[in-house]
Amino acid sequence: MTDHKSGIVQGATGAWEMVIGLEVHAQVISEAKLFSGASATFGGAPNSKVSLVDAAFPGMLPVINGVCIEQAVRTGLGLKAKINDYSVFDRKNYFYADLPAGYQISQYKQPIVGEGEVVLDMPDGTSRKVGIERLHLEQDAGKSLHDQDPSLSYVDLNRAGVALMEIVSKPDLRTPEEAGAYLRKLRSILRYLGTCDGNMEEGSMRADVNVSVRKSGAPFGTRCEIKNVNSVRFVMHAIEVEAKRQVEILEAGGKIDQETRLYDPNKGETRSMRSKEDAHDYRYFPDPDLLPLVLPAGFVDGLKKSLPELPDEKKARFVSEYGLPPYDAMVLVGEKASADFYEAVAKGRDAKQAANWVMGDLFGLLNKAGKDIAASPVNPKALGGLIDLIADGTLSGRLAKDVFAFMFESGKSAAEIVAEKGLKQVSDTGALEAAVDAVLAKETDKVAEYKSGKVKLLGYFMGQVMKATGGKANPGAVQDIIKNKLGG
Amino acid sequence: MSELTELTIAEALAALRRRSISAKELTDAHIAAVEAARSLNAFIVETPLHARAAAKEADARYAKGEARAIEGIPLGIKDLFCTKGVGTTAGSNILRNFVPPYESTVTQKLWDAGAAMLGKLNLDEFAMGSSNETSAFGNVANPWRRKGENCKLTPGGSSGGSAAAVAARLCLGATGTDTGGSIRQPASFTGIVGIKPTYGRCSRYGIVAFASSLDQAGVFARSVEDTAILLGVMAGHDPKDSTSAKIAVPDFSAALSRGVKGLRIGIPKEYRVDGMPAEIDALWKKGAAWLKDAGAELVDVSLPHTKYALPAYYVVAPAEASSNLARYDGVRFGLRQPGKDLTDLYERTRAAGFGKEVRRRIMIGTYVLSAGYYDAYYLKAQKVRALIARDFAEVYKNVDAILTPTAPSAAFALGEKSADPIAMYLNDVFTVPANLAGLPGLSVPAGLSADGLPLGLQVLGKAFDEEMVFRVGRVIEQQAAFAAKPEAWWRVA
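Break down the overall build of chain A for me, citing the residues and quoting the values.
Looking only at helices and strands, chain A has 15 helices and 16 strands in total. Taking 23 Å as the expected radius of gyration for a compact globule of 488 residues, we find that chain A reaches 30 Å, considerably beyond that expectation. Taken along the three principal axes of its C-alpha coordinates, chain A extends 95 × 55 × 50 Å.

Printed below as a string of structure tokens:
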């Protein structure tokens, strides 16, 4: 038995604890590649975004793209990490058809960003810090295409040389749930910063997962690295099945081989890719084509000043400024677009009510429609307009929900829908009194019960009146009239 | 063959400006000389059409008064410089049919200044060699022969084709590259002038890489002044090479006439090596005396880590080479030998494409970078390198330049050392330290050996102080008055 939340694998010999570390490869958002002027954007015909440098033609030399350096430093700042003013690019040597130079330019001993941290927001509202070991810049490889020809492989170098940030966590994670929360939080920070789009499906963010198990309090066990897992759900599942596999081996008296494994989402298992003995000797050494990278004075401070408000700060502000519960604040700040949407709605209105509308009705319908907040048919102004109609008594809460559904469907404003459908709340006392009278006249038995002390029937009468008025009656006014008429 | 091929670049430019000769005449004379000297095997590719087209434009520009710095000067280009649309082989089978769609920065600057390309010059494969015998296109013969002998000698290497072509009057000047002495040693062996400037002075963009932290483009010509003229055109910062220096290029020619009066010239004791012929030592002393006569002060100096330079070089250079040459894999360009899978394709392609010396250095380089050996070899070599650079920095606090022999011997016979890599590597003993420290070095012909072969002296300078190197070299040139030239035994009528 394994538990997502506890990170405990219950074996025959007792409970085993999972120890998890993640290496995330995040593709840097930049116009050009890390060391060449070729376009770094996604897509395009194969080999249409390849410079002579990317294809490693003789005599071609890398030149650092300053934008990628800025992006890495901004990310480092977002991870509250130490920025290294002096860093070195190294060559990681290995042969593969989609690695044109026969080496990847990466950073080995002296990365651009050192230790930092990420705060995890757990679903129960608690927070927990996870250490960042380092962030370094490196080139992405091209893609080998093995399905184009029965006997030949083809190579697409569009991706070759695109900048990647490798973000390495400390082995601080203990449960699949935490690993999931870490990935989501990291992705959120990257998106806020605009340094990586975080699209795991397109491969612009990929995770290598290191997993080991141990008995509580024991030293770390031997770890296995699961390569290139491409969704949060798969990462969580891969950890679970890998931990289980390791516990089974250990309990059967075996030992874990340190190796690289692949996760197969179809079979729901991990399998060996290459053992430690087959591991490449990458022969790292400083790239002699590039001088050490020295950040000029004031460079980091300048970027620090231009940093946007990040999820943690925004969450704290939502709690203090809008009086939201931490959980609501966490949900709203997850995506910058949601947070911005919320703030536009909340401005000058009841902040809690605004949060309920955004998190409840809006997120509910978006989810159902499979839409992202950027594509929401209801914009913040329209939702604000709806809330205003509740505030001025034009709409009841119940009517407002109906109006919102129409707004979502048609993209029209609340006022337009109210006018079109005649959904305006009835507060006219004369009309409401008539409706109440009609209900009370019909329900003589219940009126008698009420009068004999069963005051809970007030709700029943209210419901009948609302039904009779098609939901348009102002509930407050109706309640007052009923109470008045029944001498309550 | 013709007096036109005897001109220096400075003389040719003066004659062209006076319009007493035309660029067409000058170019045609050189094309004829190239064609008549094929037995030297100096050229891998001859490009007479390019040369004639450039000459035509040069004459038009002279007529309009729009001539550029070296308008109409025919040059040879070491076949390590990529030339757009013209085969660039690096002396290797693996690039035998490679035609780059781009031009190196250095050659582009030469063309932009009006030079004409006669062709691509032979070299040791990937510039790895000191005798030009590792070329996949056959060795180059030195135009010089020992007095009374017919035995063919090496022109030195790796820029053997460049040195031979300039010495044999096939071109007025030629480009070279120098990673451990590949310009200075061949210049010494062929009785011409060769300069390796400071690392970072010329762009490496478009030069097939051997060892990136040591490779530097330079030039051969028959006078110190000519090398100063050409280097002035080739040098300068290039945003396409991150290691090229953002330092202004001075007027090198202007430095030539400044003399050495009052300068302090270092004579390093560690350059007196065992087994060095007495005549080389004597020439070195003579050179020192010339400088003293011209008003310089001689200072005995010590560069204590010199003896570690060669071993450090033969760790660092192969290490970088092993990585730089990984791109020749048969996948995107160059030779491909089909295989049953990717690994087989790599193995067949690289076995067929690389010669023995290149394979040896790839193996050495791979070894010294391997886990468990990195610290003992590569890292230690880098430390030695830092110490060598510090040796020079210390000495340069007291002296303006250093004088040494260029090579420990005169040109040797083809085949004489090719079986013994260590003996071959020892040829670089005086030139390698300047590469490790990134300093400029110039070889000037200073005399003849007893059997009639040219010998050079080397002037080393401070980083980015090529002006001083030219200044001192010019005085040696004047004092030596080296006028000997090889007999044109190679010429076919």
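Now, onward.
Could you give me a rundown of the overall build of chain B, with the residues and numbers involved?
Secondary structure assignment for chain B yields 16 helices and 11 strands. Computed over the C-alpha atoms, the radius of gyration of chain B is 21 Å, within 12% of the 23 Å expected from 2.2 N^0.38 for a compact globule of 493 residues. The C-alpha extent of chain B, read off along each of the three principal axes, is 65 × 50 × 50 Å. Expressed as a percentage of its 493 residues, the buried residues of chain B come to 61%. A separation of at least 24 residues holds for 77% of the contacts in chain B among residues at least 6 apart in sequence.

Which residues make up the environment of Ala 483 of chain B, and what are the values?
All names here are of chain B. Within the fold, Ala 483 resides in the segment after α16 (466-480). Ala 483 gets classed as exposed once you count the C-beta atoms within 10 Å, which come to 7. Between the alpha carbons of Ala 483 and Pro 445 there is a distance of 9.4 Å; along the sequence they are 38 residues apart.

Please set out the packing of helix α14 (residues 457-468) of chain A against helix α15 (residues 475-485) of chain A residue by residue, giving values where relevant.
Residue and element names in this part refer to chain A. Axis separation between α14 and α15 bottoms out at 10 Å; the angle between their running directions is 125°. Here α14 lies oblique to α15, going by the angle between them. As for how α14 packs across α15, the hand of that crossing is right-handed. Touching Leu 458, Phe 461, Met 462, Val 465 and Met 466 of α14 are Pro 475, Val 478, Gln 479 and Ile 482, all from α15. Grouping the amino acids of the contact of α14 with α15 by side-chain chemistry returns 8 nonpolar, 1 polar and no charged.

Can you lay out the domain arrangement of chain A for me, pointing to particular residues and giving the numbers?
Interfaces are often sized by the accessible area lost when the parts come together. Per the domain assignment, the segments making up chain A are domain 1 (8-303), domain 2 (307-421) and domain 3 (429-485). Look at where the C-alpha atoms of domain 1 of chain A and domain 3 of chain A centre, and you get two points 65 Å apart.

A description of the environment of Gly 156 of chain B should follow, citing residues and the corresponding values.
Residues and elements named next belong to chain B. The topology assignment puts Gly 156 in the loop between β3 (116-121) and α5 (160-167). The class of Gly 156 is buried, set by 36 C-beta atoms lying within 10 Å. Considered as a pair, Gly 156 and Lys 286 are 130 residues apart in the sequence and their alpha carbons are 24 Å apart. Residue contacts for Gly 156: discarding those within four places in its chain leaves Ser 130, Ser 131, Ala 163, Gln 185, Pro 186, Phe 189, Thr 190 and Ala 411.

Describe the interface of chain B and chain A, with residues and values.
Each side of the interface is counted separately: chain B has 34 residues, and chain A has 25 residues. Counting only elements with at least two residues in the side of chain B that touches chain A, the list comes to α10 (309-324), α11 (342-353) and α12 (356-369) of chain B. Looking at the side of chain B that touches chain A element by element, the count peaks at 3 residues for α10 of chain B. The residue inventory of the side of chain B that touches chain A, partitioned by class, reads 18 nonpolar, 9 polar and 7 charged.

I'd like a description of the pairing of strand β9 (residues 401-405) of chain B, backed by residues and values.
All names here are of chain B. Among the 5 residues in β9, 5 count as buried, and that is most of the element. Across the two faces of β9 the burial is the same, with Ala 401, Leu 403 and Pro 405 and Ile 402 and Thr 404 all buried. Across 2 bridges, strand β7 (residues 264-268) lies against β9 in parallel orientation. Looking across to β9, one finds that Ile 265 is bridged to Ala 401.

Tell me about the packing of helix α6 (residues 326-333) of chain A against helix α8 (residues 351-369) of chain A, and name the residues and values.
Residue and element names in this part refer to chain A. Interhelical geometry of α6 versus α8 gives an angle of 55° and a closest axis separation of 11 Å. Our classification of the angle between α6 and α8 gives oblique. Both α6 and α8 take part in a crossing whose hand is left-handed. Touching Asp 328, Val 331 and Leu 332 of α6 are Ala 355, Val 358 and Met 359, all from α8. Residues belonging to the contact of α6 with α8 are distributed by class as follows: 5 nonpolar, no polar and 1 charged.

Explain the pairing of strand β1 (residues 8-11) of chain A to me, using residue names and the numbers behind them.
Residue and element names in this part refer to chain A. Pairing of β1 with strand β2 (residues 14-27) involves 4 bridges; the strand directions are antiparallel. Note on β2: the bridge partner recorded for Ile 8 is Glu 17. A loop of 2 residues connects β1 with β2, the two strands running antiparallel in sequence.

Provide a residue-level description of the sheet that holds strand β2 (residues 74-78) of chain B, including the pertinent values.
Residue and element names in this part refer to chain B. Pairing in this open sheet of 11 strands is mixed, and the strands run β1-β3-β2-β4-β6-β5-β10-β11-β9-β7-β8 from one edge to the other. Each of the sheet's edge strands pairs with one partner strand only, and the pair in question is β1 (43-46) and β8 (297-301). Strand after strand, the sheet turns through a mean of 30° between neighbouring axes, direction not considered. Of the strand pairs in this sheet, β2 and strand β4 (residues 173-177) are connected by 2 bridges, and their pairing is parallel. Within β4, the position partnered with Gly 76 by the bridge is Ala 174. Here helix α3 (residues 48-64) sits on the sheet in contact with β1, β2 and β3, set at roughly 160° to β3.

An account of the sheet that holds strand β15 (residues 285-286) of chain A is needed here, citing residue identities and associated values.
All names here are of chain A. Taking strand neighbours across the sheet as the criterion, the 3 strands line up as β5-β4-β15 in an open arrangement whose pairing is antiparallel. Edge strands, defined here as strands with exactly one partner in the open sheet, are β5 (103-106) and β15. Here strand β4 (residues 90-93) runs beside β15; their pairing, made up of 2 bridges, is antiparallel. Across the sheet, Arg 91 pairs through a bridge with Phe 285, a residue of β15.

Explain unusual backbone geometry residue by residue, including any values.
Residue and element names in this part refer to chain B. A cis amide bond, omega 5°, links Gly 157 with the succeeding residue Ser 158. Mapped onto the fold, Ser 158 is located in the loop between β3 and α5. The backbone of Ala 90 shows a phi angle near 55°, a positive value even though the residue is not glycine. Under the C-beta neighbour-count criterion, Ala 90 is labelled buried, with 34 such atoms within 10 Å. Although it is not a glycine, Phe 464 sits at a positive phi angle of roughly 60°.

Give me the lowdown on α3 of chain B, citing residues and values where you can.
Residue and element names in this part refer to chain B. Compared with an ideal rise of 1.5 Å per residue, which puts 17 residues at 24 Å, α3 spans 24 Å between its outermost C-alpha atoms and is within 8% of the ideal. Every buried residue of α3 is accounted for by His 50, Ala 51, Ala 54, Ala 55, Ala 58 and Asp 59. Down the axis, α3 shows its buried residues gathered within 165° of arc, on one side only. Opposite its buried face, α3 presents the exposed residues Leu 49, Ala 63 and Lys 64, each directed more than 90 degrees away. Buried positions along α3 lie against α2 (23-36), β2 and β3. Just downstream of α3, Gly 65 is the residue with a positive phi angle, here 75°.

Requested: an account of helix α3 (residues 232-251) of chain A, with residues and values cited.
Residues and elements named next belong to chain A. Taking 1.5 Å of rise per residue, the 20 residues of α3 would be expected to cover 28 Å, and the 29 Å separating its terminal C-alpha atoms lies within 8% of that figure. Those residues of α3 that sit buried are Val 235, Met 236, His 237, Ala 238, Ile 239, Glu 240, Glu 242, Ala 243, Lys 244, Gln 246, Val 247 and Leu 250. The first or second residue beyond α3 is Gly 253, which carries a positive phi of 90°.

Tell me what's going on with the environment of Glu 343 of chain A, and back it up with residues and numbers.
Summarising the element assignment, Glu 343 of chain A is placed in helix α7 (residues 336-346). Taking the C-beta count within 10 Å as the criterion, Glu 343 of chain A has 19 such neighbours and is therefore assigned partly exposed.

Before we move on, can you summarise the confidence of the model for chain B with the specific residues and values?
Within chain B, residue pLDDT values average 97, and 99% of them lie at 70 or more. For this predicted complex, the interface confidence reaches an ipTM of 0.96, while the overall pTM sits at 0.91.

Scoring rules and cut-offs
- Residues numbered from 1 in each chain as written.
- Chains lettered and ligands numbered in written order.
- Predicted model: local features only at pLDDT ≥ 70, side-chain atom pairs only at ≥ 80, totals over all residues.
- Helix = DSSP H or I, 4+ residues; strand = E, 2+ residues; numbered from the N terminus.
- Rg over C-alpha atoms; globule rule 2.2 N^0.38 Å.
- Buried ≥ 20, exposed ≤ 12 C-beta atoms within 10 Å, placed from the backbone.
- Contact = placed C-beta atoms within 7 Å.
- Axes fitted to C-alpha atoms, helices over the stretch in contact; angles between N-to-C directions.
- Parallel < 35°, antiparallel > 145°, perpendicular 65-115°, else oblique.
- Left-handed = near helix turned anticlockwise from the far one by under 90°.
- Nonpolar A, V, L, I, M, F, W, Y, C, P; charged D, E, K, R; others polar.
- Domains from an automatic or database assignment.
- Pairing = 2+ DSSP bridges.
- Expected span 1.5 Å × (residues − 1).
- Arc of directions from axis to C-beta.
- pLDDT = per-residue confidence, 0-100.

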